[in-house]
Amino acid sequence: MKIYIDGNFYDRQDARISVFDHGLLYGDGVFEGLRIYNGRVFLLEEHMDRLFRSAKAIMLDTGLSKNQMSDAVKETVRVNGRDKPGKSGYIRLVVTRGEGQLGIDPGSCEKASVIIITEDLKLYPQKYYDEGVKLVTSSVRRNRMDSLDPRIKSLNYLNNIMAKLEAKNSGAVEAVVLNDRGYVAECTADNIFIIKDGVVMTPLGTDGALKGITRGFVCSEVCSGLELGVEERSMALYDLYNADECFLTGSGAEVVPAVSIDGRLIGDGKPGKITIQIAKEFNRMVNSF
Ligand code: PXG
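Quick caveat: nothing in here was measured; it's all calculated off a predicted structure.

How each quantity is defined
Residues numbered from 1 in each chain as written. Predicted model: local features only at pLDDT ≥ 70, side-chain atom pairs only at ≥ 80, totals over all residues. Heavy atoms only, no water. Domains from an automatic or database assignment. Contact = heavy atoms within 4.5 Å. Buried area = accessible area lost by both parts, 1.4 Å probe. Salt bridge = Lys/Arg side-chain N within 4 Å of Asp/Glu carboxyl O. Polar contact = N/O pair within 3.5 Å; in protein donor to acceptor, adjacent residues only side chain to side chain. Helix = DSSP H or I, 4+ residues; strand = E, 2+ residues; numbered from the N terminus. Patch = residues over 30% accessible without salt bridge, like charges linked within 9 Å, V, L, I, M, F, W, Y side chains within 5 Å. Areas by Shrake-Rupley, 256 points an atom, 1.4 Å probe, with all protein chains shown as cover. Buried < 20%, exposed > 50% of the residue type's maximum accessible area, 1.4 Å probe, protein only. Pairing = 2+ DSSP bridges. 1 Å grid on protein atoms, 1.4 Å probe; cavity = no way out; pocket = protein on both sides within 12 Å on 5 of 7 lines; lining within 4 Å. Points joined across faces, edges and corners; volume = space filled by probe spheres on them. Nonpolar A, V, L, I, M, F, W, Y, C, P; charged D, E, K, R; others polar. Near = heavy atom within 4 Å. Sits in = over half its atoms within 2 Å of the grid points.

1. Re the domain arrangement of the protein chain
Along its sequence, the protein chain is carved into domain 1 (2–119) and domain 2 (126–287). Each of domain 1 and domain 2 has a C-alpha centre, and these two points are 26 Å apart. Each side of the interface is counted separately: domain 1 has 24 residues, and domain 2 has 18 residues. For the domain 1 and domain 2 pair, buried surface summed over both sides reaches about 1700 Å², with 63% attributable to carbon and sulfur atoms. Of all residues in domain 1, F31, Y37 and R50 give up the largest surface area on contact with domain 2, accounting jointly for 35% of the area buried on that side. The interface formed by domain 1 and domain 2 includes zero salt bridges. The tally of links between domain 1 and domain 2 comes to 10 residue pairs in polar contact (both at pLDDT 80 or more). Breaking the side of domain 1 that touches domain 2 down by element, the ones donating at least two residues are helix 1 (22–26), strand 3 (29–37), helix 2 (44–57) and strand 5 (89–96). Considering every element that reaches the side of domain 1 that touches domain 2, the biggest residue donor is strand 3, with seven residues.

This is the structure:
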């Protein structure tokens, strides 16, 4: 495995950054998680757009143009031999504020660091896709827009991690995270969808959902291909408890059925029919891209 750091490639054991990097010291940076399907980076442009929006929001100059960043990603995929038909994988792209002084002042960081890692990520065991996952509602609220806007994919994921710990401590796989007004935002690293009376629904970005690339693809490509109606709307736990079906989406997780929330079964407690259709169509479409 060859890891890209600032224009050079290193073996895993030699891929290191400074202990003075503000990404490490303060979580000062942004990231993306991307997929490679069939030798091609999936929706690279959309990921680049989101990365640069996140960077702009935290006033981080990545030091590369969008095209240069895309080329660095493609080059890393090529160097790792994943650019061939039939090859797949996961990419983690991290941009940190770079090396600086110990104080938080980002002005002490001269140059951002860009790190690109490729690997064979399988986030969840097959069982979760076949049988569905259990969800619990987290007591950790999504960041408010006026603290750290959740649309920024920053290196500050502690609230997501706290919610994930809470889910695991109660025997669930994922946590449903509400915003400060009690509306459903998303899960810890996945967007959430419900299906009610044949309509596919997902929370609004303004309710604290990250504008997930997988979410966008499911809404605009997969559901329209299946002629399913999609609505972005505010939803409360009541809507989740009374949904016919539920599923999660993310670059890591892809499409995962959810079968219970806070001890209430969703539908009959098995992955829903439409969810299964969406997951199948998703897998078909991404591999024929
Ligand atoms: N919500 C949050 C908070 C996320 O961090 C998603 C939704 C899904 O978005 P995409 O664009 O991936 O469809 C994310 C994704 C992983 C991983 O291992 C993914 C994320 C964060 C940490 C880990 O897949 N981000």
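2. So, a nonpolar patch on the surface
On the surface, V19, F20, L24, L25, Y26, L102 and I104 cluster together into a nonpolar patch covering about 680 Å² of accessible area. You can see L24 is positioned in helix 1. Since its relative accessible area comes to 57%, L24 is described here as exposed.

3. Details of the pairing of strand 10 (residues 191–196)
Most of strand 10 is tucked away: five of the six residues are buried. In terms of strand pairing, strand 10 meets strand 13 (residues 245–250) through five bridges, oriented antiparallel. Its bridge partner lying in strand 13, F193 is registered against F247. Bridge count between strand 10 and strand 11 (residues 199–202): three bridges; the pairing is antiparallel. For I195, the partnering residue across the bridge sits in strand 11 and is V200. The antiparallel hairpin formed by strand 10 and strand 11 contains two residues in its connecting segment, where D197 sits at a positive phi of about 50 degrees.

4. Quick notes on the layout of surface pockets
Roughly 640 Å³ of volume is contained in the largest pocket. Lining the largest pocket we find 34 residues, and of these R92, L123, T188, A189 and D190 sit closest to its centre. Those elements that provide at least two residues to the lining of the largest pocket are strand 3, strand 5, helix 5 (158–169), helix 6 (213–225) and strand 13. A breakdown of the residues in the lining of the largest pocket according to their chemical character gives 14 nonpolar, 11 polar and nine charged. When residues of the lining of the largest pocket are sorted by domain, at least three fall in each of domain 1 (2–119) and domain 2 (126–287).

5. Description of the site of the ligand
Among the 22 residues in the neighbourhood of the ligand, the closest are listed as K153, Y157, E186, T214 and S251. In this structure, an oxygen atom belonging to the ligand sits 2.6 Å away from a side-chain N or O atom of S251. Its free accessible area being 540 Å², the ligand has 93% of it covered by the protein chains. At a threshold of 2 Å from the grid points, most atoms of the ligand map onto the largest pocket. Elements represented by at least two residues in the shell around the ligand include exactly strand 5, helix 6 and strand 13. Residue composition of the shell around the ligand, by class: seven nonpolar, nine polar and six charged. Counting only domains with at least three residues in the shell around the ligand, you end up with domain 1 (2–119) and domain 2 (126–287).

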